[in-house]
Structure formats: C-alpha cells, structure tokens
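Results of the structural survey
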Amino acid sequence: MADRRRTRAAPTVALMGGTVADRHGTRRADVLVRDGHIAAVEAGLDPPTGSLVLEADGCVVAPGLVDLHTHLREPGREESETVETGTRAAALGGYTAVMAMPNTQPPLDSAEAVRNVYELAEDALAEVAVAGAITVDRAGERLAPMAEMAGLGVRLFTDDGCGVQSAGLMRRAFEYARGLGVTLAQHCEDRTLAAAGAMHEGEWSSRLGLPGAPGAAEDVMVARDITLARETGAPLHLLHLSTAVAVGLVRQAKAEGLAVTAEATPHHFTLTDACTAGYDPAFKVNPPLRPPDDVDAVKAGLADGTVDAIATDHAPHSPELKDLPFDQAPPGMLGLETALPLALSGLGLPVERVLGLLSWQPASIARLDPERGGGQGGPVSPGAHANLCVFDPAATWTVEAARLASRSRNTPYVGRTMTGRVRHTLLYGEPVVVEAEAQR
Ligand SMILES: [Zn+2]
C-alpha cells in the first residue's frame, strides 16, 4: 500500500497549558511537536527558540477526530462539496481523517476511481481514506472489483446511500471480504419496506401527511447482515444506526462475540421526528429522524459500548438541490463542523469517552490506527504521529451559515449556540487550524 501520508514541511509547535486526553486517560501537560511527530509530553515544557507557541489554556489536547462517514461529493457534485472544502470543514471540526463515501458520480467502484480520489486528496486538510463500493455502480447486481481496490489500501466497502438488497449477493460479498481481510459496511434499508418514505413512519408522518418509512426497514437488514456475518465469519460495520431494535440486535451480536461494529450520527441522538413539523428539508435525512424512544436507545448504545463510533454522515447538498418541498428534497445534512460540540453536550458522557467514540474507536474500525501502521487515533505520546485536535470544552459559539467552510449550507443547527469549540488542529504536525481559523 502506497504511503499517502503528508510530507509538507511542518514547523516545531508547542501546545502550552492544556489537558491531554487519550485512551490512557487525562493529565495536565504541554506537548511539543517536531517533524510531524510528538517529541515531548510534559508539564512545564520550555518551548525551543523559533517554535510556534499555541496556547491551549483551558483546552483538551486529544488525538484528531476520525469520521467514518463523509460525503465529499467529488467527483461529480462539486457544486455541493469538494475534497478541499470538505476537508477544510473537517479540520475546523477537529478531524484529521475522514472516510470518503463511494456514492459520487461516477461512484468509487474501481481502482481507477479510488486512485483519482487519493490524487485529489494529496494536499487536503485531512487524511482521506476511501470506502469502495461493494457492487458495480452501487447497483446491487454484480460485485465490484474489491480485490483491486483493497490492493490500493481500501479497507471498508459499502454501497452507502443504498443497502445491498439481495441477501444472496451480500453473502457472496461477505465471503469475498473475508478472503481479502476487509470490512463490509451496510446502509441498512430494505427498499420494499422503505418504499417512497420521506420520514419515519409514525404519529408525526400521519399528522403531517408525509409518506413514512418504518423502522423495520432498517431492522430487517441489520438482522439479515448479522446473520450473514455470523455464517461467513467476516466483519460487519453498521452505518448510521437509528432504531432501538437495531441497537438491541447489535448488543446481542457483540455478546455473542461476532465481529460487528456500529456507528451513530449526532443528528440521530440530538433530534427527533417531531423536528419535521415545519416541513423544513434541512431535517430530512436517511435513515430518518426517529421518535424519542429510538433516540434514547441510540444514546444508551453509545453509553454502554454497543455503538462504537459517532460518525457524521456529512451530506452536503447545494441550495438548488436541497431547497425543495420536503418529500422531494434529497436526504442529508452537514455534520463535520458541529459533531464535537453536539457529542460533548448531547450524551452526558465524560470527555474521554466522547473522544473514544470520535477518535480512536473509529480509527480502529477504519484501520487507520497505529496498531495497523496508521497515524490516527493514537495516544498522545512521544514518537506518535502528530494528528491532534485542541478544543475548549467550555467555549460557546453560534453556528452561522456564512462562516461554514463547507460549500453547502444544509444544516438545521444554524443559529444554535454550541458549547465546545475547536481551537487548533494539527495534521501530521502541520497546524491546519489555528485559533479556530483554517490556515489554508
Ligand atoms: Zn447511508
């Protein structure tokens, strides 16, 4: 696998006065970064002459965040987002790595398409890993050349945007994936049940007169794929889990010892289907926003370890595409710039648990962690790659559409005050965000 790690010259940086938090716990320490690596972690550090000193007073200094689910829209939908604008939004949100989803135009279903995204990402503001498609054209009919893509370092495969509808084809994909040593990630949605649903099927869809998709559309595919993962012994990652039944199925699968992991999005643990009452398409997502019982189950799953990661499902849509009547608008909302504060305030978990969900656990699922030779999610200790996120957990800020780095504006959090703000982000030692401003 080619080493795509950044080689930009990085200055010596001293992060002063913060609290370091990683998988080993928290401690007060200054951090010295040199040549892209962490050189020292100690209290009372004396910054060498000529180093860039960044204040981290009152801040948490943590491994950079890792997003398992980012739609960068390039190639094909550059009016909504590009690799450059999407990774700038990521860096501002504290992310140092994102997994680019394959539902671009054309889709990422071949070695050539994967190589193209790697090239687009060479100078990006975050490390970009690619999820390859499971089937050709994401059409669910024939397996894509997964071996070729795996040869380029692709470790996660998904037809995200759609679930693979055929159980027979999915079983073959699992057998193939097991041989390649890669993970299949499923967007769980049975099309015959979801049909033309524009929101969750329930009390609110009846009241609003909008077509609903039942929670069962997600549940049956989660159950089916856990069954296939058990039978084939291949790992399964479940994307954007959103129902109480699905969380329960994953809890059972883990108790059984199956290689099943799951993620949930900030919108699925902070918003409910009642938000749809104003017919604002900003609240249209897939899977749809769910009733409070499902939201509580997702939060409980994140708290007890059933759900391994918070993933954004950052899904930019230009205003021309998104500002349509609710039932016609495409699903999806932005996520990269607001995930950290929503997770810090929405889950009631200690900061190091939240960071596990946002950084080292997703790094491990993406196989970007140090245990697998990657530079993401590792402990903040000398010798490690300097992918770092420095944030003030008490700072408040208001989401302003005009200040978002994303090329799109489709977030329902505009005008909302957030608690927790990213101050600096270091990407392989390069300060890409300083004092909450992107540096390029
Ligand atoms: Zn999806």
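Think of each chain on its own: its residues are numbered from 1, step by step along the sequence as written. Only residues with pLDDT of 70 or above have their local features reported here, since the model is predicted, and side-chain atom pairs are shown and tallied only from 80 upward, although totals for entire chains, interfaces and linings are computed over all residues. Heavy atoms throughout the structure, all of them, feed into the side-chain values; hydrogens and water do not.

Here we take up the sheet that holds strand E7 (residues 60-63). Pairing between strands requires that DSSP locate at least two bridges from one strand to the other. Runs of H or I in DSSP of at least four residues are treated as helices and runs of E of at least two as strands, each being numbered from the N terminus. Sheet architecture is open: 7 strands sit in the order E3-E2-E7-E18-E19-E20-E21, paired in mixed fashion. Looking at the sheet topology across the chains shown, the edges are occupied by strand E3 (25-28) and strand E21 (437-438). Here strand E19 (residues 417-427) pairs with strand E20 (residues 430-434) via 3 bridges, running antiparallel. Bridge pairing in E20 links Leu 426 to Pro 431. Note on contacts: a residue pair qualifies if any of its non-hydrogen atoms lie within 4.5 Å across the two residues. To define axes, lines are fitted to C-alpha atoms, for helices over the stretch in contact only, and angles between the resulting N-to-C directions are given on a 0 to 180 degree scale. Sheet contacts for helix H12 (residues 339-346): strand E18 (388-398) and E19; angle to E19, the most-contacted strand, approximately 130°.

Once that is clear, we can look at the packing of helix H8 (residues 244-255) against helix H10 (residues 292-304). Contact geometry for H8 and H10: axes closest at 8 Å, N-to-C directions at 25°. One element, H8, and the other, H10, form an angle in the roughly parallel class. The interaxial crossing formed by H8 with H10 has left-handed handedness. Facing H8, whose interface residues are Ala 244, Val 247 and Arg 251, H10 presents Asp 293, Asp 294, Ala 297, Val 298, Ala 300, Gly 301 and Asp 304. Taken together, the residues that form the contact of H8 with H10 break down as 5 nonpolar, 1 polar and 4 charged. Oblique is the label for any angle not under 35 degrees, not over 145, and not in the 65 to 115 range, which are roughly parallel, roughly antiparallel and roughly perpendicular in turn. Two helices crossing with the near one rotated counterclockwise from the far one by less than a right angle form a left-handed crossing, whereas a clockwise rotation gives a right-handed crossing. Gly is put with the polar residues, along with every residue not named as nonpolar or charged; the nonpolar set is Ala, Val, Leu, Ile, Met, Phe, Trp, Tyr, Cys and Pro, and the charged set is Asp, Glu, Lys and Arg.

Should a side-chain nitrogen of Lys or Arg be within 4 Å of a carboxyl oxygen of Asp or Glu, the pair is scored as a salt bridge. Summed over all chains, the structure comprises 17 salt bridges. A salt bridge links Glu 218 to Arg 290, with the nearest nitrogen and oxygen atoms 3.2 Å apart. Note that Glu 218 is positioned in helix H7 (residues 216-232) and Arg 290 in the loop between helix H9 (266-270) and H10, a separation of 72 residues in sequence. In terms of burial, Glu 218 and Arg 290 fall into one category: buried. One network of salt bridges, with partners in common, ties together Asp 123, Glu 430 and Arg 440. Relative accessibility under 20% of the residue-type maximum defines a buried residue, over 50% an exposed one, and the middle range a partly exposed one, all with a 1.4 Å probe and only protein chains included.

With that settled, the discussion passes to helix H1 (residues 83-92). Side chains three or four residues apart in an α-helix point the same way, a direct result of the helix having 3.6 residues per turn. Summarising burial for H1: 9 of the 10 residues are buried, a large majority. Turning to H1, its buried residues number three or more, namely Val 83, Thr 85, Gly 86, Thr 87, Arg 88, Ala 89, Ala 90, Ala 91 and Leu 92. For H1, the secondary structure elements touched by its buried residues are strand E9 (95-100), helix H2 (111-120), strand E10 (127-132), E19, E20 and E21. Of the residues flanking the end of H1, it is Gly 94, one or two places downstream, whose phi is positive at about 95°.

Looking at the zinc ion, the protein donor atoms are Asp 160 (OD), His 187 (ND1) and His 240 (NE2), and they sit 2.0 to 2.3 Å from it. Sodium, potassium and calcium take a 3.2 Å donor cutoff, other metals 2.8 Å, and in both cases only N, O and S atoms count; water is not among them, so sites may look incomplete. For the zinc ion, all donor residues lie on one chain, and their spacing in sequence is D-x26-H-x52-H. Here the residue Asp 160 occupies a position in the loop between strand E11 (156-157) and helix H4 (167-180), and His 240 occupies one in the loop between strand E15 (236-238) and H8, the gap between them amounting to 80 residues. In this structure, Asp 160 and His 240 share a single accessibility class: buried.

Before going further, it helps to spend a moment on the sheet that holds strand E12 (residues 183-186). In spatial order, the strands read E8-E9-E10-E11-E12-E15-E16-E17; together these 8 strands make up an open sheet with parallel pairing. Each edge of the open sheet is held by one strand with a lone partner, namely strand E8 (65-70) and strand E17 (309-310). Summarising the sheet, E15 and strand E16 (residues 260-264) pair through 3 bridges and their orientation is parallel. Within the sheet, the bridge partner assigned to Leu 236 lies in E16 and is Val 260. In the packing of H1 onto the sheet, the strands contacted are E9 and E10, and the crossing angle to E9 comes to about 135°.

In the sheet, strand E2 (residues 19-22) pairs with E7 via 2 bridges, with the strands oriented parallel. If you follow Thr 19 over to E7, its bridge partner there is Val 60. Across 4 bridges, the pairing between E7 and E18 is antiparallel. Directly across from Val 60, in E18, lies its bridge partner Phe 391.

With that out of the way, let us pick up the pairing of strand E1 (residues 13-16). In E1, alternate side chains face the same way, and those of Val 13 and Leu 15 on one face and Ala 14 and Met 16 on the other are all buried. Sheet analysis places E1 next to strand E4 (residues 30-34), joined by 3 bridges and oriented antiparallel. Across the sheet, residue Ala 14 finds its bridge partner in E4, namely Leu 32.

These figures come from the coordinates and say nothing about function on their own.
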